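Close look at the chain arrangement
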Amino acid sequence: MNDDIVLTVIGKLLIPFILLFALYVQFHGDFGPGGGFQAGVLFAAGIILYALTNGTDAAMRLVPPKLLAPLAALGVLIYGGVGVATMLRGGHFLNYSVLAHDAVHGQHYGILLIELGVGVTVAAVMLLIFFAFMSREG
Amino acid sequence: MLLTFLVMTAIAVVRVQSLFAVVILSGIYSLTTAGIFIILDAVDVAFTEAAVAAGVSTMLMLGTLALTGHKQAPPKHAPVLPLTVVILTGIVLLWGTADMPRFGDPEAPVHRHVAPRYIEDSPTEIGVPNMVTSVLASYRGFDTLGETIVVFTAGVGVIALLGIGRRRRGPARNANRGDDRRSGNEHE
Amino acid sequence: MDWIGQYNYYVVFFLMMTGFYVVVAHGNLVKKIVGLNIFQTSVFLLYISMGKVKDGTAPILLEGEAIYSNPLPHVLILTAIVVSVATTALGLALVVRIKEAYGTVEEDEIREQEEDA
């Protein structure tokens, strides 16, 4: 009983900061170390901490697996969609310079969008793998 | 030095009998490698290695150990042939280090052809301070697309193998295996 | 040739051979996957060591003149780390299914079951 209280309290203190840090790393990947992959893994780690302290059923109610599988596909779709959008605007596949009025701004938009796609896919897939391992009873 | 600590951890993984200790040692190994990456000026790589290899990978191995058990069987015969192959390969590789350029040499071939162009043109063409992100997302964007698809495929593969949702599966059911054997023999 | 300057590479090749030995000589499937992880991480160390420039700094733009370490190996290894965790996850899922099908994860016992049946 004592162990559960300590774990629950620490979890409640830490999990919001972990999720916030994941969002920070995602959007500041341009200015310091970071980017899509690290942010996705950090986000998944926050939800896994919640699952370890409150039980896998509670975590599955919070983030239902039926939502995660389309989210993983959505991330790859965003990435490919940016490539197709650049082709529709007249450039080559994944040539971000044609996305805005100015080449440098176009590059910024392109990098932001694809890092978002990568982060969403990595977070969803890490959570899906965790839930798959936790669903098996030995 | 950290590299010596890494070597000791790897030797411990070979010698230790309990699987739980082996998994924790592999987590320590990955975290030490992340520290070495920081010393070698690779901050993005250190971040990813610490989060992914020391976090997610260790957690997955512990989850597998919960399903498969902590014990490993003691070795049945002396590993003479693997040891010989490993030592021979090691000697060949060490002989190859004679041709490698000096560690940290700015004139090495790896710093010659493409990398100076990336370092010089990235501030003006892309305008993003983090050069690793600019190379990853813009100059080598196709590789990152492939990598995202690999991660997605791994997720699809794990769901196809294990599935999600509360399910009860016991250890091997021998009756079912017997049926498989018989139907296999009929095909021959 | 500079013997002490190449210490990084000696350590890398020793770790590579250790990982190789664990994969080949040990029978437990989970330990084989741990050995594979050791092998992969030593290869990452090799590439990052090759990318380091003497007196360089991390490849993030600073004000003024600076020597940067080569960002190209960093990008390749970033991809390789994510691929390595993907293969580890799939390998472990296969190990769980093998355990359910054969009742054991020792390579010798699985081979005995296959030869007896």
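No experiment lies behind these values; they were computed from the predicted model shown.

Across its full length, chain A carries five helices and zero strands. Along the chain direction, N to C, the helices and strands of chain A fall in the order α-α-α-α-α. Compactness check: chain A gives a C-alpha radius of gyration of 18 Å against a globular reference of 14 Å for 138 residues, more than 25% above the reference. Once the C-alpha set of chain A is aligned to its principal axes, its extents read approximately 65 × 30 × 20 Å. Here chain A holds 138 residues, and 43% of them are scored as buried. Here the analysis covers contacts within chain A between residues at least 6 apart in sequence; of these, 62% occur between residues at least 24 apart.

Bringing the overall build of chain B into the picture now. Looking only at helices and strands, one finds eight helices and zero strands in chain B. The secondary structure elements of chain B, listed N-terminal to C-terminal, are α-α-α-α-α-α-α-α. In chain B, buried positions account for 35% of the 188 residues. Residue pairs at least 24 apart in sequence account for 38% of intrachain contacts in chain B once pairs closer than 6 positions are excluded.

Moving on to the interface of chain A and chain C. Taken together, the contacts link four residues of chain A with five residues of chain C. Here the side of chain A that touches chain C is composed, by residue class, of two nonpolar, one polar and one charged.

This brings us to the domain arrangement of chain B. Bring the parts together and some accessible area is lost; that lost area is often taken as the interface size. For chain B, the assigned domains are domain 1 (1–71) and domain 2 (123–166). Inter-centroid distance (C-alpha atoms) of domain 1 of chain B to domain 2 of chain B is 23 Å.

Moving on, we get to the interface of chain B and chain C. With 78 residues of chain B at the interface, the matching set in chain C holds 73 residues. Within the residue set of the side of chain B that touches chain C, elements represented by two or more residues are helix 1 (2–15), helix 2 (19–39), helix 3 (43–68), helix 4 (80–96), helix 5 (115–125), helix 6 (131–139) and helix 7 (141–162) of chain B. In terms of residue count, the dominant contributor to the side of chain B that touches chain C is helix 3 of chain B (15 residues).

As a further point, take helix 3 of chain B. Given a rise of 1.5 Å per residue, 26 residues ought to cover 38 Å, and the 36 Å separating the end C-alpha atoms of helix 3 of chain B matches this to within 8%. For helix 3 of chain B, the principal kink sits at Glu49 of chain B and spans about 25 degrees.

The phi dihedral of Leu94 of chain A is positive, around 60 degrees, even though this residue is not glycine. Looking at the secondary structure, you find Leu94 of chain A in the loop between helix 4 (65–88) and helix 5 (103–135). On the basis of neighbour counts, which here come to 21 C-beta atoms within 10 Å, the residue Leu94 of chain A falls in the buried class. Positioned with a positive phi, Asp41 of chain B is a non-glycine residue whose angle comes to about 70 degrees. For Asp41 of chain B, the position within the fold is in the loop between helix 2 and helix 3.

All names here are of chain B. Within chain B, residue pLDDT values average 82, and 88% of them lie at 70 or more. Here residues 172–188 is a poorly scored stretch, pLDDT under 50, and it has six contacts once near neighbours within four places are set aside; other chains count. We note a pTM of 0.87 for the whole complex and an ipTM of 0.90 for its interfaces.

We now examine the packing of helix 5 of chain A against helix 3 of chain B. For the pair helix 5 of chain A and helix 3 of chain B, interaxial distance at closest approach is 10 Å and the crossing angle is 15 degrees. Taken together, the axes of helix 5 of chain A and helix 3 of chain B are roughly parallel relative to one another. Crossing handedness for the pair helix 5 of chain A and helix 3 of chain B: left-handed. Of the residues in helix 3 of chain B, those touching helix 5 of chain A at Met126, Ile129, Phe133 and Met134 of chain A are Val56, Leu60 and Gly63 of chain B. Across the contact of helix 5 of chain A with helix 3 of chain B, the residue classes tally to six nonpolar, one polar and no charged.

Turning our eyes to something else, we now look at the nonpolar core. In this structure, Val41, Met126, Leu127, Leu128 and Ile129 of chain A are the most contacted members of the largest nonpolar core, which totals 112 residues. When residues of this core are assigned to domains, at least three fall in each of domain 1 (1–71) and domain 2 (123–166) of chain B. With residues near it in sequence (within four places) discarded, Leu127 of chain A still touches Ala44, Ile47, Val63 and Leu68 of chain A.

It is worth spelling out the environment of Gly81 of chain A at this point. Residues and elements named next belong to chain A. Tracing the sequence through the fold places Gly81 in helix 4. The exposure class of Gly81 is partly exposed, given the 14 C-beta atoms found within 10 Å. Linking Gly81 and Leu14, residues 67 residues apart in sequence, is a C-alpha distance of 35 Å.

Helix 6 of chain B packs onto helix 5 of chain A with a crossing angle of 85 degrees between their chain directions and a minimal axis gap of 10 Å. With respect to their mutual orientation, helix 5 of chain A and helix 6 of chain B come out roughly perpendicular. Taken together, the residues of helix 6 of chain B that come into contact with helix 5 of chain A (itself represented by Gln107, Ile111, Ile114 and Glu115 of chain A) are Thr133, Ala137 and Ser138 of chain B. When grouped by side-chain class, the residues that make up the contact of helix 5 of chain A with helix 6 of chain B number three nonpolar, three polar and one charged.

The rules we used
Residues numbered from 1 in each chain as written. Chains lettered and ligands numbered in written order. Predicted model: local features only at pLDDT ≥ 70, side-chain atom pairs only at ≥ 80, totals over all residues. Helix = DSSP H or I, 4+ residues; strand = E, 2+ residues; numbered from the N terminus. Rg over C-alpha atoms; globule rule 2.2 N^0.38 Å. Buried ≥ 20, exposed ≤ 12 C-beta atoms within 10 Å, placed from the backbone. Contact = placed C-beta atoms within 7 Å. Nonpolar A, V, L, I, M, F, W, Y, C, P; charged D, E, K, R; others polar. Domains from an automatic or database assignment. Expected span 1.5 Å × (residues − 1). Bend = angle between axes of the 7 residues up to and from the residue. pLDDT = per-residue confidence, 0-100. Axes fitted to C-alpha atoms, helices over the stretch in contact; angles between N-to-C directions. Parallel < 35°, antiparallel > 145°, perpendicular 65-115°, else oblique. Left-handed = near helix turned anticlockwise from the far one by under 90°. Core = buried A, V, L, I, M, F, W, Y, C linked by C-beta atoms within 7 Å.

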